[in-house]
Amino acid sequence: MTGVRRLGPSFENTRSAVLDMIRSGGTVSRIELAEMSGLTATSITRIIKSLIDAGLVVETGYGDSTGGKRPSLLELNLQARYAVGLSLDDARLTYVVTDLGGNVVGQLVTPGIRQALPSEVVARIGEELGRVFQELDIPVAAVVGLGVAGAGLDIRGGAERLSLTADEWESFAVQEALEAATGLPTVRDNDAACAALGQFWVGRLAASNDFATLYMSNGFGLGLLTDGRLSRGVSANVGEIGHMVLEIDGPPCWCGSRGCLEMLAAPRAIVAQAMTDEGLRAELSLAGGDAHLRHDFQAIARAAARGEERSLALIERSARYVAVAMLSVVNLLDLDRLYLAGPGFADAGAVYVRHIRDAVRALARTRAVHGVSVELSDPGIDAAAVGAASLALQYVLTPHARSSRPAAVALEA
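Model, not experiment: these values are computed from the prediction.

Some thoughts on the overall build of the chain
Argument step 1. What the chain contains, in helices and strands, is 13 helices and 13 strands.
Argument step 2. Residue pairs at least 24 apart in sequence account for 63% of intrachain contacts in the chain once pairs closer than 6 positions are excluded.
Argument step 3. Total accessible area on the chain is roughly 18,400 Å²; 51% of this is exposed by carbon and sulfur atoms.

Next comes the structure, spelled out in structure tokens:
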């Protein structure tokens, strides 16, 4: 690996890259770090000393001798720092507190945002987060920051719309409001991007492992990591896979197009199809309507997982569309790893995994060159919250891996 050489003379960036190697390696020696980074032994010694002095890294024993002195082994000091991840969702707010390695040490789930005003939810978040720290006996000074995951477009390219008094979440200055309410440095991203970053951090993947994470909640999103960084796009909105057109004459989508993946395969489409079957509707006690969407979809997915034929047929149909979309992603980006995350995959995720695996195995353009691993994400249903905490860890501790985002401008009064 020669990633450190490309970072230039910045000591902060070089130290950040070495810390990331220790994170992904688990337990490594100074000699191994020098070989991986291309840095001299003297440079590695200086960087490791600064990391140990900061309490971020500890020596944890000795490796095998190769003829001389046994090398001391290094690993992250997991309890040195903590981060908070928050997933903003209609159905629930999920808080997770992780240690330096992304391991969850505490969790709280409370009612979702539903129809509440953003300012009301932010005030509640400040109170609930204080309760979490108190119960875990974690001093706020040990928390590096708060990461926030939420659905919807990032509009920082048009930040003149951001306001602390806006009624709509996409126009509300979430990051600034939460920093004021919690006293913590706050970073925000969409739930799919956070889920991908969570997989990268918790799974201890190396920066050389490019992959995509498909996230399903009420809709779909795609998080893409390349060279250890989240891919962004011009306006930080990479990953709107829910609006990939699969049927040019398909049903109209609220985005203005027709035949989007979201209109064909997302939970709302599945529930709508189930509601036309009176017997299935009664059997599963489906209520219909946006207020009951999560409950209705969960009932269908659980029935499908039990093998109930009508429910399974609905999930299978959705999975076939999703598989076609992910096949296109694999062909476009030449990936060899895909992960599925989010509450939409909690009960019938195995059906989606099977269809995607079958599609890429049989039809991927590069199938003769390499296979494609398709797995459910490690953090699972809480992937967005865990990933949001990882976002805070990455932003503060490994700044070399930050992805650029459009800058905010002055807020409205």
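Some thoughts on the sheet that holds strand 10 (residues 220-226)
Argument step 1. Spatially, 11-10-9-12-13 is the arrangement adopted by the 5 strands of the open sheet, whose pairing is mixed. Each of the sheet's edge strands pairs with one partner strand only, and the pair in question is strand 11 (229-230) and strand 13 (373-376).
Argument step 2. Judged from the 4 bridges that link them, strand 9 (residues 211-216) and strand 12 (residues 337-341) form a sheet pairing that is parallel. Its bridge partner lying in strand 12, Leu214 is registered against Leu340.

Comments concerning the pattern of salt bridges
Argument step 1. Under the criterion given, the structure shown has 14 salt bridges.
Argument step 2. In this structure, Asp290 engages Arg268 in a salt bridge whose closest nitrogen and oxygen atoms are separated by 3.2 Å. One end of the pair, Asp290, is in the loop between helix 9 (278-283) and helix 10 (293-305); the other, Arg268, is in helix 8 (residues 267-275), and 22 residues separate them in sequence.
Argument step 3. A relative accessible area of 58% places Asp290 in the exposed class.

Comments concerning the state of the cysteines
Argument step 1. In this structure the tally under the stated criterion is 0 disulfides.
Argument step 2. Here Cys253 is not cross-linked by a disulfide; its sulfur's nearest cysteine counterpart is in Cys255, at 3.7 Å.
Argument step 3. With no disulfide of its own, Cys260 lies 3.8 Å from the sulfur of Cys255, the closest cysteine sulfur.
Argument step 4. By relative accessible area, Cys260 is classed as buried at 0%.

Examining the packing of helix 10 against helix 11 (residues 309-333)
Argument step 1. Running from amino to carboxyl end, helix 10 crosses helix 11 at an angle of 105 degrees, the nearest separation of the two axes being 7 Å. Classified by the angle between their axes, helix 10 and helix 11 sit roughly perpendicular to one another. Counting all contacts with helix 10, which are made through Phe297, Ile300, Ala301, Ala303 and Ala304, the residues of helix 11 involved are Ser311, Leu312, Leu314 and Ile315.
Argument step 2. Residues that form the contact of helix 10 with helix 11 fall into these classes: 8 nonpolar, 1 polar and no charged.

Some remarks on the environment of Leu327
Argument step 1. Mapped onto the elements of the fold, Leu327 is located in helix 11.
Argument step 2. Judged by relative accessible area, which is 13%, Leu327 ranks as buried.
Argument step 3. For the pair Leu327 and Arg361, spaced 34 residues apart in sequence, the C-alpha to C-alpha distance is 9.5 Å.
Argument step 4. Beyond its immediate sequence surroundings of up to four residues, Leu327 is in contact with Ala359, Val360, Leu363 and Ala364.

Here we look at the pairing of strand 6 (residues 104-111)
Side-chain direction in a regular strand flips from residue to residue, so the side chains alternate between the two faces of the sheet.
Argument step 1. Across 7 bridges, the pairing between strand 5 (residues 92-99) and strand 6 is antiparallel. Along strand 6, the bridge assignment pairs Leu93 with Thr110.
Argument step 2. Connecting strand 5 to the antiparallel partner strand 6 that follows it, the hairpin turn spans 4 residues, and Gly102 within it adopts a positive phi of roughly 85 degrees.

Points about unusual backbone geometry
Argument step 1. Even without being glycine, Asp137 reaches a positive phi, approximately 55 degrees.
Argument step 2. Assessed through its relative accessible area of 68%, Asp137 is described here as exposed.

Observations regarding helix 1 (residues 11-25)
Argument step 1. A rise of 1.5 Å per residue sets the reference length of helix 1, with its 15 residues, at 21 Å; its end C-alpha atoms lie 21 Å apart and thus fit the reference within 8%.
Argument step 2. Of the positions making up helix 1, those classed as buried are Thr14, Ser16, Ala17, Val18, Leu19, Asp20, Met21, Ile22 and Arg23.
Argument step 3. Of the residues one or two after helix 1, Gly26 is the one with positive phi, at around 85 degrees.

Comments concerning the environment of Ser163
Argument step 1. On the secondary structure map, Ser163 appears in the loop between strand 7 (143-150) and helix 5 (174-182).
Argument step 2. Separated by 13 residues in the primary sequence, Ser163 and Glu176 have C-alpha atoms spaced 9.4 Å apart.

Brief notes about the sheet that holds strand 2 (residues 57-62)
Argument step 1. Read across the open sheet, the 3 strands follow the order 1-3-2; overall the sheet is antiparallel. In the strand order of this sheet, the two ends are held by strand 1 (28-29) and strand 2, each with one partner.
Argument step 2. Relative to strand 3 (residues 72-76), strand 2 runs antiparallel, the two sharing 4 bridges. Residue pairing across strands places Tyr62 opposite Ser72, the latter belonging to strand 3.

Parameters at a glance
Residues numbered from 1 in each chain as written. Predicted model: local features only at pLDDT ≥ 70, side-chain atom pairs only at ≥ 80, totals over all residues. Heavy atoms only, no water. Helix = DSSP H or I, 4+ residues; strand = E, 2+ residues; numbered from the N terminus. Contact = heavy atoms within 4.5 Å. Areas by Shrake-Rupley, 256 points an atom, 1.4 Å probe, with all protein chains shown as cover. Pairing = 2+ DSSP bridges. Salt bridge = Lys/Arg side-chain N within 4 Å of Asp/Glu carboxyl O. Buried < 20%, exposed > 50% of the residue type's maximum accessible area, 1.4 Å probe, protein only. Disulfide = S-S within 2.5 Å. Axes fitted to C-alpha atoms, helices over the stretch in contact; angles between N-to-C directions. Parallel < 35°, antiparallel > 145°, perpendicular 65-115°, else oblique. Nonpolar A, V, L, I, M, F, W, Y, C, P; charged D, E, K, R; others polar. Expected span 1.5 Å × (residues − 1).

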